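Understanding the architecture of this molecule
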Amino acid sequence: MNVELRDPNIIMKLSRLGSFHQSRLSFLRSFLNEFKDWDYRRDLFDLDKDGFGTAVYSFKKKDRIYSLICYANKINDDERSDRVIATKWDAAFTLHDGVPLKEDIERLRNEVPKQEVGRLSYKELTLSRANKSVRVFDHVVESLSNGLQPNLDLLEKVGYLYRTTAVYGSGKFGLADRFRIKNREEINGPFRLEMMLVYLVRQFTFDQVNHVAKNRNPKSAVKLDPKICRNLGIGNSTGLGMAPFIVNHPTLLNNWILSREVALKKIREIKIAETQDISLFQECVKNSLKNITSWNTENEYQLKKIKLLLKDVRKFIHFLENEFDFKKDYPFNEIYLWLEKETCEECIEYIVSIMMEPFGEIVQPLISQMSSEEEKYFNIPTERNVEDLKKILENKYSDILKIDFNKKDSNQKFWFISKNKEEPRLANRFEESGADLEQPLAIARDIKKLYERLLSLKNNLKINQFLIDNSDLRHVVRRAFIIENFPYSEIQDNTIGENIVPIDMLRLKLSFFGALKFDPRSDKWLRICMFQGAPLPNELKDYDEQWVYKTFS
Amino acid sequence: MKSLSEIETTVKRASRAAGYSWGIAEEVGKSIRLSELFGFPGIKHLNQYYQNKKKKNFDDIKLIDKINKSKGLSFCPITLGVNFIDQVKNIETLTKFSVEKLAYPLLLLPFLSRGSEIIGKKLLFSFDDSKFLLNFNVSISSNFWNKEIPVLANQVEISFLNNEDNFSNQDWKNLYKLAEDTFVEETDSLKEGAAGAGLTDND
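This structure is a prediction, so every number in the text was calculated from the model and none was measured. (Residues numbered from 1 in each chain as written. Chains lettered and ligands numbered in written order. Predicted model: local features only at pLDDT ≥ 70, side-chain atom pairs only at ≥ 80, totals over all residues. Heavy atoms only, no water.)

1. Overview of the overall build of chain A
Scanning chain A for helices and strands turns up 20 helices and eleven strands. Whereas a compact globule of 553 residues would reach a radius of gyration of roughly 24 Å, chain A reaches 24 Å, a difference of no more than 12%. Projected onto its principal axes, the C-alpha positions of chain A cover 85 × 60 × 50 Å. Residues classed as buried in chain A amount to 61% of the 553 residues present. Residue pairs at least 24 apart in sequence account for 75% of intrachain contacts in chain A once pairs closer than 6 positions are excluded. (Helix = DSSP H or I, 4+ residues; strand = E, 2+ residues; numbered from the N terminus. Rg over C-alpha atoms; globule rule 2.2 N^0.38 Å. Buried < 20%, exposed > 50% of the residue type's maximum accessible area, 1.4 Å probe, protein only. Contact = heavy atoms within 4.5 Å.)

Shown next, in the form of structure tokens:
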């Protein structure tokens, strides 16, 4: 049986993309898989009694070494902010390529804590900072120093000791450009070094909390139970900065989504499911209920989604246990069709993610296809003609061409870069000034404009002639020729409409990172947790791949 | 040191602010990144050009011809560069073309380099005493290393070079003969068992 790939016109809608969940394809999981047989070490741990100072952690295999350098600093409570406008953080980190020399550590001590206003070098690969969850950190120190393990209810509510507010890579602030490292086998997957940084930061938070507790009360302090550590991740506050990324990297976006779609197609094409695969799938679905019930948020939009998800997952479990027969041919296809008919978008994508769990042999080869050599697709095939371009637009943007951009509602927002922090922002074009400096992220509007302009032209007019007098639409001409070969490269929605929910764009990206427990704090930023439940570095050589569904919090 | 990623992003934004469309700004970002990667002072010249552009008008070459004459103003290297990328498949039949009075010729260089890759031919870019050989966007050879590149080229010539060896037949023969010294003479019995042995040519 040949199952068709799902229609981009459905999958690439923002509400669907904003319902995606982590899976075996997610970058933090593929990072753990890639680095599981590397040697992990804590090379330096030079903190004072209050936990301030420097630490270095590394992963090593043969001649390759990656070192995380951590700088923990004292800051006042009133200086601590998760917002991008902050200038001080509890700790700052960089991932260094190789073993840092003393001079490197000293050089970076002056730069890394400054983050965006510091300068890194080509020897550094990623950069980040993080703030303590003071409530949790202080409680854990207090408990451990008194010889007690911390209150699990409190830890469950928060899920981490520290949260990062940005993780930078790929040439930002002088960091190494991707071209310098892209041929390394171990980073043949997107954001792998960003994931390494976050993972090692997580270990630093445990070591730091143990160190402070021990110094506070050397005689009676105990260490944080490794089981509790495992169930803590690293938090992250994410704002709109992430949203333009998925618009600005169309072939990369395609490769992420296509990998997911190919995995689903192949799983649906399995004629007879093996008993152990069925059991693992069912076990993960059931265990995952804990992930939903422990998903804390006060955001009404997300609460509704979680409520509906929980209801539909329970309905699905009931269906599996009482109505479904795994002995029938193509059982996962049957399941998928049932989900489409009976459950919400959030539940469909949730179960699609879990379907991948038993099928490492399908998923694993796809992971190496999730990067993109974007340069290869940059040039516009200008020898093509207007007829070709019109057909592409009609076939690939059919819903977008139906949007009426003369309506105020369809045209209400605009994306711009804030002068204060050089970060993307979204504003109402009829209420705020600056729309003349709009970023090229209104793809739907510009595609529609392109189509309308093409309608009056001769079909055989070459694109190179069209571009001479229509350079204002050059950016979307490029995209149209990209989507011709990359069907999942474009969000099939209006990114400037009145009803846009920008966190859908963030969730899409964060789901591919492997984030859990999306907690929107508004429609423009959210908190998440990464690596919660993940094995600790010293457990990597032999760990349970389905750890995501085995957290107790 | 600025990373190439920083260079591309800043050039793109600056180009938009200088009045180009986002699509053109993307092209300029890619090209200046390339220029800096190859070791040419793209940022310096772009900066000078954009400062100059505020005070002075430049002319655009839209459709590139065999001879592109100026009507007084010097030509914009960016418009020419973008149109070159777009039209390169049409104009390679010209074998060569010339441009009179090109402002900031260095800014055209990365566009030509990209064009060389698109059509799979080397290009020779020459003006005044300067020569640049563009090798399929893999490298650029020049007799201008570390010299100040002029901000105006009075007469520019761009030639599309045929794909030919740049060594003599005799050089090749000599080298090939030497390479043959790594081969081993095959015995008759080994020849009989080699691929295709035992079949007739007409089966």
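2. Concerning the interface of chain A and chain B
Taken together, the contact between chain A and chain B spans 30 residues of the former and 26 residues of the latter. For the chain A and chain B pair, buried surface summed over both sides reaches about 2300 Å², with 46% attributable to carbon and sulfur atoms. If you look at where chain A meets chain B, you find eight salt bridges. Here Lys30(B) makes a salt bridge to Glu375(A), at a shortest N to O gap of 3.3 Å. Counting only elements with at least two residues in the side of chain A that touches chain B, the list comes to α18 (463-469) and α19 (474-485) of chain A. Across the side of chain A that touches chain B, the residue classes tally to nine nonpolar, nine polar and twelve charged. (Buried area = accessible area lost by both parts, 1.4 Å probe. Salt bridge = Lys/Arg side-chain N within 4 Å of Asp/Glu carboxyl O. Nonpolar A, V, L, I, M, F, W, Y, C, P; charged D, E, K, R; others polar.)

3. Section: the sheet that holds strand β4 (residues 91-97) of chain A
Residue and element names in this part refer to chain A. Across the sheet, which stays open at both edges, the nine strands sit in the order β1-β2-β3-β4-β5-β6-β7-β11-β10 with mixed pairing between neighbours. Both edges of this open sheet fall to β1 (39-47) and β10 (516-520), since each of them pairs with a single strand only. On average, each strand axis in the sheet is inclined to that of its neighbour by 25°, with strand direction left out of account. Examined bridge by bridge, β10 and strand β11 (residues 526-530) share three bridges and lie antiparallel to one another. By the bridge assignment, leucine 516 is partnered in β11 with cysteine 529. (Pairing = 2+ DSSP bridges. Axes fitted to C-alpha atoms, helices over the stretch in contact; angles between N-to-C directions.)

4. Brief notes about the nonpolar core
Note that soluble globular proteins tend to have their nonpolar side chains buried in a common cluster. Formed by 165 residues in total, the largest nonpolar core has its most connected members in Phe204(A), Ile257(A), Phe281(A), Phe316(A), Ile335(A), Met355(A) and Phe531(A). Considering each element in turn, this core owes the most residues, 13 residues, to helix α7 (residues 192-216) of chain A. (Core = buried A, V, L, I, M, F, W, Y, C linked by side-chain atoms within 4.5 Å.)

5. Notes on the sheet that holds strand β1 (residues 67-68) of chain B
All names here are of chain B. With mixed pairing, the six strands of this open sheet are ordered in space as β1-β2-β6-β3-β4-β5. The outermost strands of the open sheet, each flanked by one partner alone, are β1 and β5 (139-142). Sitting on the sheet, helix α5 (residues 109-119) touches β3 (123-127), β4 (130-135), β5 and β6 (152-160), and the angle it makes with β4 is about 35°.

6. Re the pattern of salt bridges
Overall, the coordinates contain 60 salt bridges over all chains when judged by the stated rule. With its nearest N and O atoms 2.9 Å apart, the salt bridge here joins Asp472(A) to Arg453(A). One end of the pair, Asp472(A), is in the loop between α18 and α19; the other, Arg453(A), is in helix α17 (residues 443-455), and 19 residues separate them in sequence. A salt bridge links Lys44(B) to Glu148(B); the nearest nitrogen and oxygen atoms lie 3.0 Å apart. You can see Lys44(B) sitting in helix α3 (residues 42-55) and its partner Glu148(B) sitting in the loop between β5 and β6, a full 104 residues away along the chain.

7. Observations concerning helix α12 (residues 300-322) of chain A
Residue and element names in this part refer to chain A. Taking 1.5 Å per residue as the helical rise, α12 with its 23 residues ought to reach 33 Å, and the 33 Å between its terminal C-alpha atoms agrees with that figure. Inspection of α12 places Gln302, Lys305, Ile306, Leu309, Leu310, Asp312, Val313, Phe316, Ile317, Phe319 and Leu320 among the buried residues, and these make up the whole buried set. Tucked inside the fold, the buried residues of α12 contact α11 (275-293), α13 (331-342), α14 (345-355), α20 (502-513) and β10. Here α12 starts with a cap whose side-chain oxygen sits 3.1 Å from the backbone nitrogen of tyrosine 301, and that cap is asparagine 299. (Expected span 1.5 Å × (residues − 1). Polar contact = N/O pair within 3.5 Å; in protein donor to acceptor, adjacent residues only side chain to side chain.)

8. Overview of the pairing of β1(A)
All names here are of chain A. Alignment of β1 against strand β2 (residues 53-61), held across eight bridges, turns out to be antiparallel. Residue pairing in the sheet places leucine 44 in a bridge with valine 56 of β2. Here β1 hands over to β2 after five residues, with glycine 51 in that stretch at a positive phi of 90°.

9. Remarks on the state of the cysteines
In the structure shown here, the tally under the stated rule is zero disulfides over all chains. Of all cysteine sulfurs in the structure, the one in Cys529(A) sits closest to Cys229(A), which takes part in no disulfide; the separation is 13 Å. (Disulfide = S-S within 2.5 Å.)

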